[in-house]
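# Coordinates in review
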Amino acid sequence: MNNEPKKLGFGLMRLPITASGDDKTIDQKALEAMADEFIAHGFTYFDTAYVYHGGCSETAFREAVVKRYPRDAYTIADKMPVYYCNEAADYDRYFAEQLERCGVEYFDYYLLHAMGKARYESVSAQGGFEFMHRIKADGRAKQIGFSFHDTADVLDLILTEHPEMDFVQLQINYIDWENPTVQSRLCYEVVRKHSKPIIIMEPVKGGALANIMPEIESHFTSYDSTASSASWAVRYCASLPGVFMVLSGMSDMDQLCDNTSYMREFKPLTPAEREIVSQVATEISASIVVPCTGCKYCVDGCPMNIAIPRYFSLLNRSNQYDLPKKHQREFDELSTKFGLPSACIVCGQCEGSCPQHLPIIESLKLVTDKFEGK
């Protein structure tokens, strides 16, 4: 990848919304202002997907950026929803719909979305890789790759059998680096072995690393009182050799201004800063009950409409902060809009769609024990 842009990418999966709990109600005016600020500071990379914001992310990008800026002012990455594809014709159909939704004639980066062992097998059988070759050859995708959620051995197999892939998108952050399930470090090392550029998703772990306990955050503030916790997480990822882009799902102007402030003239972590991050990672890991990123893939299709990531976030915060009345109020408010954790019918849909392979069903029982009946 030549002429690499600034390393911060605008992830369009956690956009500002106008109605609480309704991801489809994107605040278009707020998004336009954020896109303007982003582009004004020399950033160009936007990342979307077919399923983000209930299918509204791509069209929101079109309205905020494509209709308001010349094509050379931005680059756009989109992803094939391989989990919806049942035959070869589906790839052409979804791709054509995505081009229309985004309002572009080509994608700068195009990915097979959320690949793992089972999806690799189905995509291969359906001719998904042949489709990717074709759209690159005819210019409708400038670079092709895939995002990945599985073990390092599966990743090595894919890259060995498909060296034509231009890049790989991985979940990496300083908490997941040594996580035995996510295998961030091991996957990173596989991609480096294959000499592919890396795009990083979830550098702030769904916002969790931007809101850490004060006693742990003090390691950061004692060193630099002006730097946000999120800045340490993003810079950690951007400092890794071979990383081409770090995506941040920015939800408001404050987050965007913070991210762009330190990524305009990016400076890698120093050895002393890396030591501080390591200490923080150790202490945070000990406080997290459920390592959920809040991606919401588990929510679609839940027959009981359980707000799984929100309940897990609340459970983690209740373990990190001594605010029992506040957290109970939050739980009571959530339970009036969504199904109770105890309403789970153990269908397994959520666990089958979880990129982190979390034991969601058992973890919901922890939420029940903590909040229900109080």
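Anything mentioned here points back to the structure above.
Okay, so let's go over this structure. (Residues numbered from 1 in each chain as written. Predicted model: local features only at pLDDT ≥ 70, side-chain atom pairs only at ≥ 80, totals over all residues. Heavy atoms only, no water.)

## Here's the deal with the nonpolar core
Within the largest apolar cluster, 95 residues are counted, with the highest numbers of intra-cluster contacts made by F46 and Y174. Looking at this core element by element, the count peaks at 7 residues for helix 9 (residues 229–238). Not counting residues within four places of it along the chain, the set of residues in contact with F46 comprises F10, L12, A35, F38, I39, F61, V65, Y74, T75, I76 and A77. In this structure, C302, I308, L314 and L364 belong to the second largest nonpolar core, which totals 22 residues. (Core = buried A, V, L, I, M, F, W, Y, C linked by side-chain atoms within 4.5 Å. Buried < 20%, exposed > 50% of the residue type's maximum accessible area, 1.4 Å probe, protein only. Helix = DSSP H or I, 4+ residues; strand = E, 2+ residues; numbered from the N terminus. Contact = heavy atoms within 4.5 Å.)

## Here's the deal with the packing of helix 9 against helix 11 (residues 271–285)
At a minimum axis separation of 11 Å, helix 9 and helix 11 run at an interaxial angle of 115°. The chirality of how helix 9 crosses helix 11 is left-handed. Counted together, W232, R235 and Y236 of helix 9 and E273, I276 and V277 of helix 11 form the full contact between these two elements. A per-class count over the contact of helix 9 with helix 11 returns 4 nonpolar, no polar and 2 charged. (Axes fitted to C-alpha atoms, helices over the stretch in contact; angles between N-to-C directions. Left-handed = near helix turned anticlockwise from the far one by under 90°. Nonpolar A, V, L, I, M, F, W, Y, C, P; charged D, E, K, R; others polar.)

## Considering the sheet that holds strand 2 (residues 45–47)
A barrel is described by the order of its strands in space; here 8 strands give the closed sequence 1-2-3-4-5-6-7-8, paired in parallel fashion. Direction aside, neighbouring strands of the sheet carry axes that sit 30° apart on average. On the sheet, helix 1 (residues 28–40) packs against strand 1 (8–11) and strand 2 and is oriented at approximately 170° with respect to strand 1. Packing of helix 9 onto the sheet brings it into contact with strand 7 (198–201) and strand 8 (243–248), and relative to strand 8 it is tilted by some 155°. (Pairing = 2+ DSSP bridges.)

## A closer look at helix 7 (residues 184–193)
Buried within helix 7 we find S184, C187, Y188, V190 and V191. Down the axis of helix 7, the buried set is contained in an arc of 160°. They therefore lie on one face. For helix 7, the secondary structure elements touched by its buried residues are strand 5 (141–148), helix 6 (152–161), strand 6 (167–171) and strand 7. Looking one or two residues beyond helix 7, the residue adopting positive phi is S195, at roughly 60°. (Arc of directions from axis to C-beta.)

## Concerning the environment of C187
Among the secondary structure elements, C187 is positioned in helix 7. By relative accessible area, C187 is classed as buried at 3%. Separated by 17 residues in sequence, C187 and L170 place their C-alpha atoms 7.6 Å apart. Here C187 is in contact with F148, D150, T151, A152, L155, L170 and V182, once residues within four sequence places are set aside.

## Observations concerning the side chain of H162
You can see H162 is positioned in the loop between helix 6 and strand 6. Residue classification places H162 among the buried positions, given a relative accessible area of 13%. Reaching out from H162, the side chain makes a polar contact with the side chain of E164 at a distance of 2.8 Å. Residues in contact with H162, not counting those within four places in the same chain, are Y120 and F129. (Polar contact = N/O pair within 3.5 Å; in protein donor to acceptor, adjacent residues only side chain to side chain.)

## Let's talk about the side chain of E202
Within the secondary structure, E202 is located in the loop between strand 7 and helix 8 (214–223). In this structure E202 touches M13, R14, Q171, I172, N173, T293 and C295, once residues within four positions along its chain are discounted.

## Comments concerning the packing of helix 6 against helix 7
Contact pair helix 6 / helix 7: the axes reach a minimum separation of 9 Å and the direction vectors enclose 20°. Here helix 6 is positioned roughly parallel relative to helix 7, judged by the angle of their axes. In terms of crossing hand, the pair formed by helix 6 and helix 7 is right-handed. Of the residues in helix 7, those in contact with A152, L155, D156 and L159 of helix 6 are L186, C187, V190, V191 and K193. Its residues assigned to classes, the contact of helix 6 with helix 7 comprises 7 nonpolar, no polar and 2 charged. (Parallel < 35°, antiparallel > 145°, perpendicular 65-115°, else oblique.)

## So, the packing of aromatic side chains
Summed over the entire model, instances satisfying the criterion amount to 28 aromatic pairs. On the basis of an interplanar angle of 55° and a centroid distance of 5.4 Å, the ring pair of W177 and Y188 is categorised as tilted. In this pair, W177 is assigned in the loop between strand 6 and helix 7 and Y188 in helix 7, connecting sequence segments 11 residues apart. Judged by relative accessible area, which is 9%, Y188 ranks as buried. An aromatic cluster of at least three residues, connected via ring pairs, comprises F10, F38, F43, F46, F61 and Y74. (Phe/Tyr/Trp six-rings, centres within 6.5 Å; stacked < 30°, edge-to-face > 60°.)

## Quick notes on the pattern of salt bridges
Under the defined criterion, the tally for this structure stands at 23 salt bridges. Where K79 meets D47, a salt bridge forms, and the shortest distance between an N and an O atom there is 2.8 Å. With K79 in strand 3 (residues 75–80) and D47 in strand 2, the pair connects residues that are 32 residues apart, well separated along the chain. Since its relative accessible area comes to 0%, K79 is described here as buried. (Salt bridge = Lys/Arg side-chain N within 4 Å of Asp/Glu carboxyl O.)

## Considering the pairing of strand 3
Counting buried positions over the 6 residues of strand 3 gives 6, a clear majority of the element. By the alternation rule, side chains of strand 3 split into T75, A77 and K79 and I76, D78 and M80, which are all buried. Relative to strand 3, strand 2 runs parallel, the two sharing 3 bridges. Note that in strand 3 the partner of Y45 across the bridge is T75. Taken together, strand 2, helix 2 (residues 57–66) and strand 3 constitute a β-α-β crossover, and its handedness is right-handed. Note on the crossover from strand 3 through helix 3 (residues 88–102) to strand 4 (residues 107–115): the handedness is right-handed. (Right-handed = clockwise from strand over helix to strand, strands pointing away.)

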